[in-house]
Amino acid sequence: MAIVLLGGWQNGLRHALVDLRFAWQSRQVSGDIVVIAIDASSIDRIGVWPWPRVLHAELIRQLEKANVQDIALDVDFSTPSDASSDRNFAEALQNAGGSVVLPSFQQPRTDKTTLHVNRPLQQFAEHSWPAVVNVEVGPDGLVRRYPFGEKLDGKFMPSMAAVLAGQYAEKRAPFLIDFSIRTAGIPKVSFADVLRGDPATLQKLQGKKVIIGGTALELGDRFSVPNGVIVSGPVLQTLAAESLLQNRALQWTSHVVTLTGLTLLALIMLFSWRRLSAGKRVALLAATAVALEAGAFALQMAFPLILDTSLIQIAIIVYIAAIALDEIDIKDLLGRVAESRFQRVAMALGDGLICTDCSYLITVWNPGATAIFGYLPEEMIGRPFDEICARDGAVATSSFSIKNAAHLAPGSVVEFDGRRSNGEVFPVEASFSGWQGTDGFQFGAILRDISVRKREAERIRYLAEHDTLTGLINRNTLHAGLAAMIAKAEAEGCEVAMLVVGLDGFQQINHMLGHASGDLVLRGISERLTAGVPVSGMVARLSGDEFAIAVRMSDIGENVSRFAEQIGASFEAPLLAGNRQHRVRVSIGAAVFPGGGRSADELLSNSHLALSRAKASKRGGHVLFEDAIRRELQTRLTLEAELAAAAEHDEFELFYQPQLHLADGRLIGAEALIRWRHPVRGLVSPAEFMPIVNTSPISEKMAVWVLDTACAKAAAWERSGHKLRIGVNLSPSQFQSGDLAGSVAQALARSGLSPTSLELEITEDILLHDEKGALNTFLKIQELGVRIVFDDFGTGFASLSYLKKFPLDGLKIDRSFVFGLLANPDDAAIVSSTIGLSKQLGLSVIAEGIEDRATADFLVRMGCEEGQGYFFGRPMPARDFEAKFLTSPAAAEVA
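Residues numbered from 1 in each chain as written. Predicted model: local features only at pLDDT ≥ 70, side-chain atom pairs only at ≥ 80, totals over all residues. Heavy atoms only, no water.

Focus: the overall build of the protein chain
Counting its regular elements, the protein chain contains 36 helices and 37 strands. Relative to its length of 895 residues, the protein chain is extended, with a C-alpha radius of gyration of 43 Å against a globular reference of 29 Å. Dimensions along the principal axes, computed over C-alpha positions, put the protein chain at roughly 150 × 65 × 50 Å. Counting across all 895 residues of the protein chain, residues that qualify as buried make up 47%. Considering only contacts within the protein chain whose residues lie at least 6 apart along the sequence, 66% involve residues at least 24 apart. Accessible surface, the protein chain as shown: approximately 43,600 Å² in total, 55% of it carbon and sulfur. (Helix = DSSP H or I, 4+ residues; strand = E, 2+ residues; numbered from the N terminus. Rg over C-alpha atoms; globule rule 2.2 N^0.38 Å. Buried < 20%, exposed > 50% of the residue type's maximum accessible area, 1.4 Å probe, protein only. Contact = heavy atoms within 4.5 Å. Areas by Shrake-Rupley, 256 points an atom, 1.4 Å probe, with all protein chains shown as cover.)

Brief notes about the packing of helix α4 (residues 53–65) against helix α5 (residues 83–95)
Between α4 and α5, whose axes approach to 7 Å, the crossing angle comes to 20°. Here α5 runs roughly parallel to α4, going by the angle between their axes. For α4 against α5, the interelement crossing comes out left-handed. Only S85, D86, N88, F89, E91, A92, L93 and N95 of α5 make contact with α4, whose side of the interface consists of R53, V54, H56, A57, I60, R61 and E64. Here the residues of the contact of α4 with α5 sort into 6 nonpolar, 4 polar and 5 charged. (Axes fitted to C-alpha atoms, helices over the stretch in contact; angles between N-to-C directions. Parallel < 35°, antiparallel > 145°, perpendicular 65-115°, else oblique. Left-handed = near helix turned anticlockwise from the far one by under 90°. Nonpolar A, V, L, I, M, F, W, Y, C, P; charged D, E, K, R; others polar.)

Structural notes on the nonpolar core
Judged by nonpolar contacts, the single largest core of 74 residues is most densely connected at I726, L758 and F881. It is helix α26 (residues 699–719) that provides the largest number of residues to this core, a total of 8 residues. Those residues in contact with L758 that sit more than four places away from it in its chain are L707, C711, I726, V728, V744, L748, L753, V786 and R787. The next biggest cluster of nonpolar side chains, apart from the first, holds 38 residues, and it includes A165, F179, I211 and L244. (Core = buried A, V, L, I, M, F, W, Y, C linked by side-chain atoms within 4.5 Å.)

Quick word on the pairing of strand β7 (residues 149–152)
In terms of strand pairing, β7 meets strand β8 (residues 155–158) through 4 bridges, oriented antiparallel. By the bridge assignment, E150 is partnered in β8 with M157. Between β7 and β8, which pair antiparallel one after the other, the connecting turn spans 2 residues, and D153 there sits at a positive phi close to 55°. (Pairing = 2+ DSSP bridges.)

Observations regarding the state of the cysteines
Enumeration over the complete set of coordinates arrives at 0 disulfides. Cysteine C389 shares no disulfide, and the gap to the nearest cysteine sulfur, in C355, comes to 15 Å. (Disulfide = S-S within 2.5 Å.)

Examining the side chain of R281
With respect to the helices, strands and loops of the structure, R281 is situated in helix α12 (residues 278–302). Dropping the residues within four chain positions of it, R281 is found in contact with S272, W273, L276 and I323.

Describing the packing of helix α11 (residues 255–272) against α12
With their axes 11 Å apart at the nearest point, α11 and α12 run at an angle of 165° to one another. It follows from the interaxial angle that α11 and α12 lie roughly antiparallel. The hand of the α11/α12 crossing is right-handed. On α12, the residues touching L265, I268, M269 and S272 of α11 are R281, L284, L285 and T288. For the contact of α11 with α12, the residue count by class is 5 nonpolar, 2 polar and 1 charged.

Digging into the pattern of salt bridges
For the coordinates displayed, the defined rule picks out 38 salt bridges. Ionic pairing is found between E429 and R448, a salt bridge with its closest N-O pair at 3.7 Å. Of the two residues, E429 is situated in strand β19 (residues 425–437) and R448 in strand β20 (residues 440–449); the sequence distance between them amounts to 19 residues. A residue is classified by how much of its surface remains accessible, and E429, at 15% relative accessible area, is buried. Of the charged contacts in the structure, one is a salt bridge between R453 and E429, with a shortest N-O distance of 2.9 Å. Taken together, the positions of R453 in helix α18 (residues 451–465) and E429 in strand β19 put the pair 24 residues apart, joining distant regions of the chain. We classify R453 as partly exposed; its relative accessible area is 37%. Three or more residues are tied together by salt bridges with common partners; here these are R45, D193, R196 and D198. (Salt bridge = Lys/Arg side-chain N within 4 Å of Asp/Glu carboxyl O.)

Points about the sheet that holds strand β26 (residues 585–593)
Pairing is mixed in the open sheet, where 5 strands are placed in the order β22-β23-β21-β26-β27. The two strands at the open ends of the sheet, each matched to only one other strand, are β22 (538–543) and β27 (622–624). Mean inter-strand twist for the sheet, computed between neighbouring axes without regard to direction, equals 20°. Two elements, strand β21 (residues 496–504) and strand β23 (residues 546–552), share 7 bridges in a ladder whose sense is antiparallel. Of the residues in β23, the one forming a bridge with V496 is R552.

Observations concerning the packing of aromatic side chains
A complete count under the given rule lists 19 aromatic pairs for this structure. The interplanar angle of 90° and the centroid separation of 4.9 Å between the aromatic rings of F89 and F124 together place this pair among those described as edge-to-face. In this pair, F89 is assigned in helix α5 and F124 in helix α6 (residues 122–125), connecting sequence segments 35 residues apart. Feature note: the residues W365, F373, Y375 and F426 constitute an aromatic cluster, connected by ring pairs. Sitting over the face of the ring of F271, R275 holds its NZ or CZ atom 4.7 Å from the ring centroid. (Phe/Tyr/Trp six-rings, centres within 6.5 Å; stacked < 30°, edge-to-face > 60°. Lys NZ or Arg CZ within 6 Å of the ring centre and 35° of its normal.)

Observations concerning the environment of F625
With respect to the secondary-structure elements, F625 resides in the loop between β27 and α24 (627–648). Sequence-wise, F625 and A283 are 342 residues apart; in three dimensions their C-alpha atoms are separated by 95 Å. Once residues lying within four places of it in the same chain are set aside, the contact partners of F625 are A590, A591, G596, N606, L609, A610 and R630.

Some remarks on a nonpolar patch on the surface
A cluster of nonpolar side chains, contributed by L264, L267 and L270, occupies part of the molecular surface with about 330 Å² of accessible area. Checked against the element boundaries, L264 lands in helix α11. (Patch = residues over 30% accessible without salt bridge, like charges linked within 9 Å, V, L, I, M, F, W, Y side chains within 5 Å.)

A short note on the confidence of the model for the protein chain
Scored by pLDDT, the protein chain comes out at a mean of 83, with 91% of its residues at no less than 70. This model gives residues 394–398 a pLDDT under 50, and the stretch forms 7 contacts once residues within four places in sequence are excluded. The low-confidence segment residues 890–895 (pLDDT under 50) makes 9 contacts with residues lying over four places distant or belonging to another chain. (pLDDT = per-residue confidence, 0-100.)

Considering the side chain of Q868
In this fold, Q868 is placed in the loop between β36 (866–867) and β37 (876–877). Excluding anything up to four places from it in sequence, Q868 contacts Q657, P658, Q659, E671, K812, I846, A847, E848, G849 and I850.

A word on unusual backbone geometry
Residue P594 is bonded to the preceding F593 through a cis peptide linkage, with omega at 10°. Examined against the element boundaries, P594 turns out to sit in the loop between β26 and α23 (600–617). For N67, which is not glycine, the phi dihedral falls at a positive 60°. As for its position among the elements, N67 is in the loop between α4 and β2 (71–74).

Brief notes about helix α35 (residues 878–886)
Turning to α35, its buried residues number three or more, namely A878, F881, F885 and L886. When α35 is viewed along its axis, its buried side chains cluster within an angular range of 75° and face the same direction. (Arc of directions from axis to C-beta.)

A look at the pairing of strand β1 (residues 33–38)
Counting buried residues along β1, 6 of its 6 residues qualify, which places the element largely inside the surrounding structure. Neither face of β1 is open: one carries I33, V35 and A37, the other V34, I36 and I38, and all of them are buried. Here β1 runs beside strand β11 (residues 209–214); their pairing, made up of 6 bridges, is parallel. Residue pairing in the sheet places V35 in a bridge with I211 of β11. Note: β1 against strand β10 (residues 188–190), 3 bridges, orientation parallel. When the sheet's bridge partners are listed, A37 is paired in β10 with S190.

A closer look at the environment of M160
Along the chain, M160 turns up in helix α7 (residues 160–165). Its relative accessible area of 0% is what places M160 among the buried residues. C-alpha separation for the pair M160 and F571, spaced 411 residues apart in sequence, amounts to 59 Å. Aside from chain neighbours lying at most four places away, what touches M160 is A72, L73, D74, V101, P103, A131, V132, V133, Y146 and Q237.

So, in structure tokens, the structure goes:
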């Protein structure tokens, strides 16, 4: 007994007996706690890993809808993620009103001598309950004990199970989890089902407490518990909470009880040793052992107490051994017992167990090995171990031999390729050990088939590195590969080309045919791009309609422009996607290391800049990055910022250019033209800033300001007795906003201007985007009584067709034709034809760019009634316009 106590051998028996009692009992779970499993199905359905925290935020919202009581997340939130996702998760925690428990845990630092406490980020901790999730793993590798909490940095923090059960106190000692509570009865639902709001799943969670954590095998959150069971972290936390909820927080009986039992056993043996035969004494001891365990079992069933019978049972065994010393051959018996026990363990082991003799011939082959390799024991006993290893001819790598294991430390784990009876090669994980037997040194190996684990790990890695739709590598993988390619090229003095390929008009395919057809097109594009790139290059999908190609210049003939042309030309042939053929056009931006960027980030950024230039200036073509593109972008960004500030500081002003009746010089209207009074540069030309305004976020705001200001000024003139027609140029952003007619009506209502006094000028680029939408808008505007005039007539591609399609009130002849009217017969013919055409269509016509009397008189003879230009007056501020044209009739005549 002293040897047993000094060696601590009684602990193994004590645990084995308790585990046996757990196996004999069967307690049902309360059902109050549900595990929401991050399982392989959820990972597969969501399609990415690791998950963004926005998914956990959405899960909390779904659980709030289901009216769960408490939410415990067995997930690490100690490090920052994407800022937007973190903010979303913090908001979800706040909205949950303190019903969420977040984990803290200790883990060894890099020096492995001190512990580091991982806590949730402060923004999460402010709206949640803290709980410790650390559990104690015993010397045998099993989890049995569970604490009510721990002191972290000098402050007591309750454990997660104790928080869920509402039973925790700083001074309560750890308890033993009741493993007679069956894990199979714990309610479980899939994370993905809760996330998508499945009604049946949410109904199961009504009024429950939930623990969310990883149950997928590849996540690794696994614990070994008694009776050969392996459970996931959240299931272990649930068992601990169930033990508390069912008043099954088990504790050992005191040592006084054990000492009393040993004393009684000693008295019984002292009394019976010489009075009873050996057989009767053995029977008495056996009956005592059975009665003792029956009593311990009954006590454990009725109360949260565990009777420690290990020392008493060891004493009984010692007494039986002492009785047997004179009756049987101990050595032979122990040998048979050990062999029998080994055989039972070997045959019951779920993993494969193979033992060999000193010649590496198989001596033991258990059912687990049969399940893995397909061979029966009688087929393999006596054959070499290496017959289950893959030969060189089956795989590319060299085969494994058990002789290699002779040099490994005991318990070493290795992986090798095994071969099944059907010839299939698969990965095997084996733990080898060796011992000195009676017939020489022997080997044993526990083997596992890890092919499923390998496939799952490979799939997770694939999802993290590839685009799931096209199979191409994703942005992160491209970035890493490009960085490696640049480093190698720099060492070798080579160049690397980076091309970003953008699809032109891809959204139209999605809108007209649906996203399913769009996906087929994207797959076809990826195949065509891959076919056109050397094997050493990389093709990636960056976003919805953008792809990237990285390739060494030496692999494409040292000419990136020719390579880009080849890529573009490859899309001239129709693209078959499903049962449809599509015409796809691409624009390409390219940059070359080192001149176009010295790092992966710079090269990608500069390629995107070149693509933007290609889409803006030469759709369907390619642009090679140069520093001028970045300087132009910086200039544009600076100007955009100045324009936004100018709008806030009222630096914009409307100038007005007079429009006159050509025959008598009578003032009939004015065109409102925007000007920018820069505080430093003075008056800035519209040609410099309007192209940027029209494509910037302030475009619509500026257009509304111009319309309101022009209407207000015209209304003021109208109230003072000068009814003039005011012309306002429309911008594309006003059509894209979707309610131009409503904006015009509001501007008229705010200013009080007569609708007939407002004239809206449109250009062909506005009509190119959405002819049907533009037609509906024009009809609504004309219903208000507002005129619509086609500006810059004659300079577009389809001006005559627009006269037929759209309800117009007038035309403006572009100044480019009026300038050469007297000297160029062709211009005169075009102007004359335009005037005649407008009269036949019932449209008014006004000529722009009149700079002398002769041109004005010639236009009168052609039949043109209205005109504007520097001859009558340049664009001028409102006060100058009023002083020159509205103060007296004489002023107007002079003009």
